[in-house]
Structure formats: C-alpha cells, structure tokens
Amino acid sequence: SDNLYVSGWLKRGPSGIIGTNIADAKDTVFSILHDLEQESDMSRKIVKGRNGLGGLLMERGVRYVDWASYQRIDAAETDP
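Residues numbered from 1 in each chain as written. Predicted model: local features only at pLDDT ≥ 70, side-chain atom pairs only at ≥ 80, totals over all residues. Heavy atoms only, no water.

### A word on the nonpolar core
Then, in step 1: Core analysis: the largest hydrophobic core is formed by five residues, namely I32, L36, L53, L56 and L57.
Then, in step 2: Listed by contribution, the elements that provide at least two residues to this core are α2 (18-37) and α3 (50-59).
Then, in step 3: If one sorts the elements of this core by residue count, α3 sits on top with three residues.
Then, in step 4: Residue contacts for I32: discarding those within four places in its chain leaves Y5 and L53. (Core = buried A, V, L, I, M, F, W, Y, C linked by side-chain atoms within 4.5 Å. Buried < 20%, exposed > 50% of the residue type's maximum accessible area, 1.4 Å probe, protein only. Helix = DSSP H or I, 4+ residues; strand = E, 2+ residues; numbered from the N terminus. Contact = heavy atoms within 4.5 Å.)

### Remarks on α3
Then, in step 1: Buried within α3 we find G52, L53, G54, L56 and L57.
Then, in step 2: Each element contacted by the buried residues of α3 is listed here: α2.
Then, in step 3: Where α3 ends, the next residue or the one after it, G61, has phi of about 75 degrees, a positive value.

Any functional reading would require information that these geometric values do not contain.
If you want it as structure tokens, here you go:
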C-alpha cells in the first residue's frame, strides 16, 4: 500500500538480530524520504533529516522509536 512502511520482522518475518533490523530500518527511512520528495504538493515545505522526519511523524500521530530510545532498548537487550 502507498504510505505504508515497515522494517524488521514486519518486513521480512521473524528472523535476524538487531543489526539486521537496523539495515531494514535504514532502507525504510530511505523509502519514506524518497516518497516525501515525490509528493505532488510542492507548496508543503519538506524538512529533511531526522528532526524533520520526527516532526512529521509526531504531527501525523505516528508512534516511532527514536535513536535515544533504540539505544536504551539495545542496552537492555545486551546487558548480561
């Protein structure tokens, strides 16, 4: 579907580790940014980068994991 983005297990099924999910997430972000650049409504200011994407997701009510949250998850999962 248009404007539907996934990564990790949702993208390829229950396999892989955090490192695999990071690569999926990067691919997903690339797709989102590409689609934003292709929007026909050129009157809308597109702010690129992490802050622009984060603001857009918050504006649209999309829940996401930012880098700081990811680092807390990673630390909890790798803590012996």
